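Chain by chain, the residues:
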Amino acid sequence: MKPQKEIIVGGQAVIEGVMMRAPNSYAVAVRRGDGSIALKAERLPRLDEKYPFLKVPVLRGSVVLIHSMLLGIKALNFSATVVFEDQTAEEAKAATRIEPALEAAAITGALMSTAHAIESPYLRRELASGEPSSTEKNDGLNATATAAGSIAFALFFNVLLFIVLPLLVTNAIFINFGWGNAPQFSLESASIAGEPWYREAWHWFQTYLKPVRPSVAFNLVDGLIRMSFFIIMIWSFSKMRDIKRVFEYHGAEHKTVYVWEAGEELTVANARRFPRQHPRCGTSFLMIVMLVSIVLFSVVKFDSLALNMLMRIALIPLIAGISYEIIRAAGKKETSALFSFITRPGIWMQNLTTREPSDDQLEVAIYALTESLKLEPQRDLEPVPLA
């Protein structure tokens, strides 16, 4: 059976809800404490139509990902606000439960974003007519500041954990074992007999910071360490009660996308039959980022540890752009061996980042997708004859 409509959808799990995206719109649905569903829905005009240079391969990928982060953080903030309002009677408890969940979700937001919703970069457009009131302007500024702060925190955390720390650990490992072109090292040379412990510790620190010129083997070890940190982080977050709920909504989002792609009616019963792992989840994109970074870091390298660190940070937009193009090209033929190969690690990882959702969680995801599709221009929703 062919899909009911030629329209690509995707989404992201949020706190007690789901954000669903269509090419020109999005909707966030959040389950309230009384069982009702809070909704935020807006249209998203195409930024690449206004700025044609954003259609350039590689460049567009970075813009798409930045905008996806902005939209994802905004959806997370909306869901946190709804949940917080439902817990006003327990303000102290709410503060300790929601804030850690929001920070963790901000860090792992890329994992919960389905990549098939980011074919083109978009820009937010207000649906309300006329000039916004001063209160609305202030709310908008506060929301923008909150989103910017969340993104800055997430970027700093990820750069520290997945670029700086793995590079330092790998450099120390190669020096300790004398691998590659590492400087010669011995326990005797690293020790200063008779010196205070802090002088000896500083000498050890200086020894392990001697630069090792990155090679393919160096970057493979670096990639394995980065992947280990990544898995440990996700596993740790999965133990948090609120994040477990987010992962259940992540599974609900995937099941709902499957129903739409299969051309079936958007019902809980239909969604329940599909797997919770989806090949085009943002987790697959992260796996490609890992592989591309290994190759690129092996080409662009220096004899200075500081320069290697700075260059790895500077190459993030390029790595993201190249990875986007790879998964975008592979996604055009989902039955191909290439698509299966590059998405398989992401499928495995989703055993951690998704959980089986309940029927009421599936209902929320279906509601978000339905409301998002209502805002799509009719020209994007021309029916395709069913087989």
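Residues numbered from 1 in each chain as written. Predicted model: local features only at pLDDT ≥ 70, side-chain atom pairs only at ≥ 80, totals over all residues. Heavy atoms only, no water.

1. Notes on the packing of aromatic side chains
Then, in step 1: Summed over the entire model, instances satisfying the criterion amount to five aromatic pairs.
Then, in step 2: An angle of 90° between the planes, with centres 5.4 Å apart, marks the rings of F174 and W179 as edge-to-face.
Then, in step 3: Judged by its relative accessible area of 4%, F174 is buried.
Then, in step 4: Residue classification places W179 among the partly exposed residues on the basis of a relative accessible area of 39%.
Then, in step 5: Members of the aromatic cluster, joined through ring pairs, are F174, F177, W179 and F218. (Phe/Tyr/Trp six-rings, centres within 6.5 Å; stacked < 30°, edge-to-face > 60°. Buried < 20%, exposed > 50% of the residue type's maximum accessible area, 1.4 Å probe, protein only.)

2. Considerations on the packing of helix α7 (residues 216-238) against helix α13 (residues 337-353)
Then, in step 1: Across the interface, α7 lies against α13 with an axial gap of 9 Å and an inter-helix angle of 30°. The angle between α7 and α13 places the two elements in the roughly parallel class. Along its contact with α7, which presents M227, F230, I231, I234, W235 and S238, the element α13 presents M349, L352 and T353.
Then, in step 2: Grouping the amino acids of the contact of α7 with α13 by side-chain chemistry returns seven nonpolar, two polar and no charged. (Axes fitted to C-alpha atoms, helices over the stretch in contact; angles between N-to-C directions. Helix = DSSP H or I, 4+ residues; strand = E, 2+ residues; numbered from the N terminus. Parallel < 35°, antiparallel > 145°, perpendicular 65-115°, else oblique. Contact = heavy atoms within 4.5 Å. Nonpolar A, V, L, I, M, F, W, Y, C, P; charged D, E, K, R; others polar.)

3. A look at the packing of helix α8 (residues 241-261) against helix α14 (residues 359-374)
Then, in step 1: Packing of α8 against α14 leaves a shortest axis separation of 8 Å and a crossing angle of 55°. Put simply, α8 runs oblique to α14. When the axes of α8 and α14 are compared, the crossing they make is right-handed. Across the interface between the two elements, R245, E248, Y249, A252, E253, K255, T256 and W260 from α8 touch Q361, L362, V364, A365, I366, L369 and L373 from α14.
Then, in step 2: Among the residues making up the contact of α8 with α14, the classes are represented as nine nonpolar, two polar and four charged. (Left-handed = near helix turned anticlockwise from the far one by under 90°.)

4. Here's the deal with unusual backbone geometry
Then, in step 1: In the Ramachandran plot, E16 falls in the positive-phi region, its phi being about 60° despite a non-glycine side chain.
Then, in step 2: Topologically, E16 is positioned in the loop between β1 (10-14) and β2 (17-22).
Then, in step 3: Look at V58: it is not a glycine, yet its phi comes out positive at around 75°.
Then, in step 4: Position of V58 relative to the elements: it lies in the loop between α1 (47-50) and α2 (59-86).
Then, in step 5: The exposure class assigned to V58 is partly exposed, which follows from its relative accessible area of 27%.

5. Comments concerning the pattern of salt bridges
Then, in step 1: Overall, the coordinates contain 16 salt bridges when judged by the stated rule.
Then, in step 2: One salt bridge in this structure joins E42 and K40, with 3.8 Å as the shortest N-O distance.
Then, in step 3: Overall, the relative accessible area of 5% leaves E42 in the buried class.
Then, in step 4: Between K255 and E356 there is a salt bridge; the shortest N-O distance is 3.4 Å. In this pair, K255 is assigned in helix α8 and E356 in the loop between α13 and α14, connecting sequence segments 101 residues apart.
Then, in step 5: Among the ionic contacts, a cluster of salt bridges with common partners joins E16, R245 and E248. (Salt bridge = Lys/Arg side-chain N within 4 Å of Asp/Glu carboxyl O.)

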